[in-house]
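Here is what each chain is made of, one letter per residue.
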Amino acid sequence: MPELPEVETVRRDLERLVVGRTVVQARATGRRSVRRYGDGPAALAAFDADVEGTRFTGTGRLGKYLVLHGTRAEDVLSALIIHLRMSGQLIHARPSDPLVVHTHVRLTLDDGHELRFVDPRTFGEMWTNPAALPDLGHLGPDALELAAEPRRFTELLRSRRTMVKALLMDQGVVAGIGNIYSDEILHRARVRPDRRGVDLSRPAARRIADITGEVLHAAVDLRGSSLSDAQYVDLAGLPGRAAQLHLVYDREHLPCASCGRPVVRIRFGGRSSYFCRHCQR
DNA sequence: AAGCACACCTGCTAGC
DNA sequence: TGCTAGCAGGTGTGCT
């Protein structure tokens, strides 16, 4: 579920509530959430030992990956890397707060709070990297960073044969955009999702580059998009309000905000894509 | 290169 | 009312 604006909202909450705190106890109970430590029972203890004693010193984000930088007692740098995938949530809770089902990791902090990882579908994961910088080399530039260089973004889009929606969602091309925001960006840029990058006019590619920044910043300002199932919530468990900005996503048959014709949904690479046949060319 | 299909999971809902 | 098929914000692999 979470794309860049949702992950960025969680990062800002972590910066405020978790940075400066030390993990006095780590308790992983969900093996799949810490699967990089192996698939046996020892994986849970290995994760716990890795994280316990870490003092969080800062936060980072690359695309949809969250990074909690930290140091251990012996001044060893480490980074806790978290990907929420489809259904993961990080929740800042009190120990007395009831444990919801699918709580897979609990980190007890030295201020008495807990940082909990909740993930029904168990696609999400967390792991530590001994280096200060996590191994996220397969990712392209972060979408907000690339949007700040619109000429570079424009030429990148026009250099590829791939259909532009797939390009925007390719984390190796630009990191942080998923199914919701790619549809919203392409609608505002008036470009069909199945148009090929090389076939984009320079003005059309430039619109995508400029609008990417606008859409993502606006969504961050409203603390991310929570849909009807409320799977995405912030660190306090509260939904974001950015879904009120959606013009096409999950709006099949509803009128296009520009022309009034119905928004259509097509299957595209195995997932739904929403757009306006009249306004997007 | 690029485009599929599929795998990984649980939960919700639309339709029968 | 109750079952089931289909679908969901993501990513990785492996095959044409």
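A brief structural summary. Just so it is clear, the structure is predicted and the values come from calculations on it, not from any experiment.

About the thresholds
Residues numbered from 1 in each chain as written. Chains lettered and ligands numbered in written order. Predicted model: local features only at pLDDT ≥ 70, side-chain atom pairs only at ≥ 80, totals over all residues. Heavy atoms only, no water. Axes fitted to C-alpha atoms, helices over the stretch in contact; angles between N-to-C directions. Helix = DSSP H or I, 4+ residues; strand = E, 2+ residues; numbered from the N terminus. Parallel < 35°, antiparallel > 145°, perpendicular 65-115°, else oblique. Left-handed = near helix turned anticlockwise from the far one by under 90°. Contact = heavy atoms within 4.5 Å. Nonpolar A, V, L, I, M, F, W, Y, C, P; charged D, E, K, R; others polar. Polar contact = N/O pair within 3.5 Å; in protein donor to acceptor, adjacent residues only side chain to side chain. 1 Å grid on protein atoms, 1.4 Å probe; cavity = no way out; pocket = protein on both sides within 12 Å on 5 of 7 lines; lining within 4 Å. Points joined across faces, edges and corners; volume = space filled by probe spheres on them. Expected span 1.5 Å × (residues − 1). Buried < 20%, exposed > 50% of the residue type's maximum accessible area, 1.4 Å probe, protein only. Pairing = 2+ DSSP bridges.

Thoughts on the packing of helix H4 (residues 150-158) against helix H7 (residues 202-221)
Stage number 1. Viewed as axis vectors pointing N to C, H4 and H7 meet at an angle of 125°, and their least axial separation amounts to 8 Å. Here H4 is positioned oblique relative to H7, judged by the angle of their axes. Judged by the twist between their axes, the crossing of H4 over H7 is right-handed. Counting all contacts with H4, which are made through Pro150, Arg151, Phe153, Thr154, Glu155, Leu157 and Arg158, the residues of H7 involved are Arg202, Ala205, Arg206, Ile208, Ala209, Asp210 and Thr212.
Stage number 2. Residue composition of the contact of H4 with H7, by class: 6 nonpolar, 2 polar and 6 charged.

Brief notes about the side chain of Glu6
Stage number 1. Within the secondary structure layout, Glu6 lies in helix H1 (residues 4-17).
Stage number 2. A distance of 2.6 Å separates polar atoms of two side chains, one belonging to Glu6 and the other to Tyr181.

Focus on empty space enclosed by the protein
Stage number 1. In the structure shown here, the tally under the stated rule is 1 cavity of 30 Å³ or more.
Stage number 2. Taken as a whole, the largest cavity holds about 30 Å³ of empty space.
Stage number 3. Taken together, Val51, Thr54, Phe56, Leu68, Ser78, Leu80 and Thr128 make up the full set of residues lining the largest cavity.
Stage number 4. For the lining of the largest cavity, the class distribution of residues is 4 nonpolar, 3 polar and no charged.

Comments concerning H7
An α-helical turn contains 3.6 residues, so a residue and the one three or four places further along point in the same direction.
Stage number 1. Given a rise of 1.5 Å per residue, 20 residues ought to cover 28 Å, and the 29 Å separating the end C-alpha atoms of H7 matches this to within 8%.
Stage number 2. Taken as a whole, H7 has its buried residues at Ala204, Ala205, Ile208, Ala209, Ile211, Thr212, Gly213, Val215, Leu216, Ala219 and Val220.
Stage number 3. Of the surrounding elements, those touching the buried residues of H7 are H1, helix H3 (143-147), H4, helix H5 (164-169) and helix H6 (179-189).
Stage number 4. Regarding H7, its N-cap is Ser201, as a side-chain oxygen of that residue lies 3.1 Å from the backbone nitrogen of Ala204 further along.
Stage number 5. Count one or two residues on from H7 and you reach Arg223, which has phi positive near 65°.

Some words on the pairing of strand E7 (residues 114-118)
Within a regular beta strand, the side chains point alternately toward one face of the sheet and then the other, so they alternate between its two faces.
Stage number 1. Most of E7 sits inside the fold, with 5 of its 5 residues counted as buried.
Stage number 2. Of the two faces of E7, both are covered, the one formed by Glu114, Arg116 and Val118 as well as the one formed by Leu115 and Phe117.
Stage number 3. The pairing of strand E5 (residues 89-93) with E7 spans 5 bridges and is antiparallel. Bridge assignment links Gln89 to a residue of E7, and that residue is Val118.
Stage number 4. In terms of strand pairing, strand E6 (residues 103-109) meets E7 through 5 bridges, oriented antiparallel. By the bridge assignment, Arg106 is partnered in E7 with Arg116.
Stage number 5. Turn length for the E6-E7 hairpin, with the two strands adjacent in sequence and antiparallel, is 4 residues, and the turn residue Gly112 shows positive phi of about 90°.

Section: the environment of Tyr181
Stage number 1. When you line up the elements, Tyr181 lands in helix H6.
Stage number 2. On the basis of relative accessibility, which here comes to 2%, the residue Tyr181 falls in the buried class.
Stage number 3. For the pair formed by Tyr181 and Ala205, sequence separation is 24 residues and the distance between their alpha carbons is 16 Å.
Stage number 4. In contact with Tyr181, other than residues within four places in its own chain, are Glu3, Pro5, Glu6, Val215, Leu216, Ala219, Gly224, Ser225 and Ala242.
Stage number 5. Within the structure, Tyr181 has its side chain in polar contact with the side chain of Ser225 (distance 2.7 Å).

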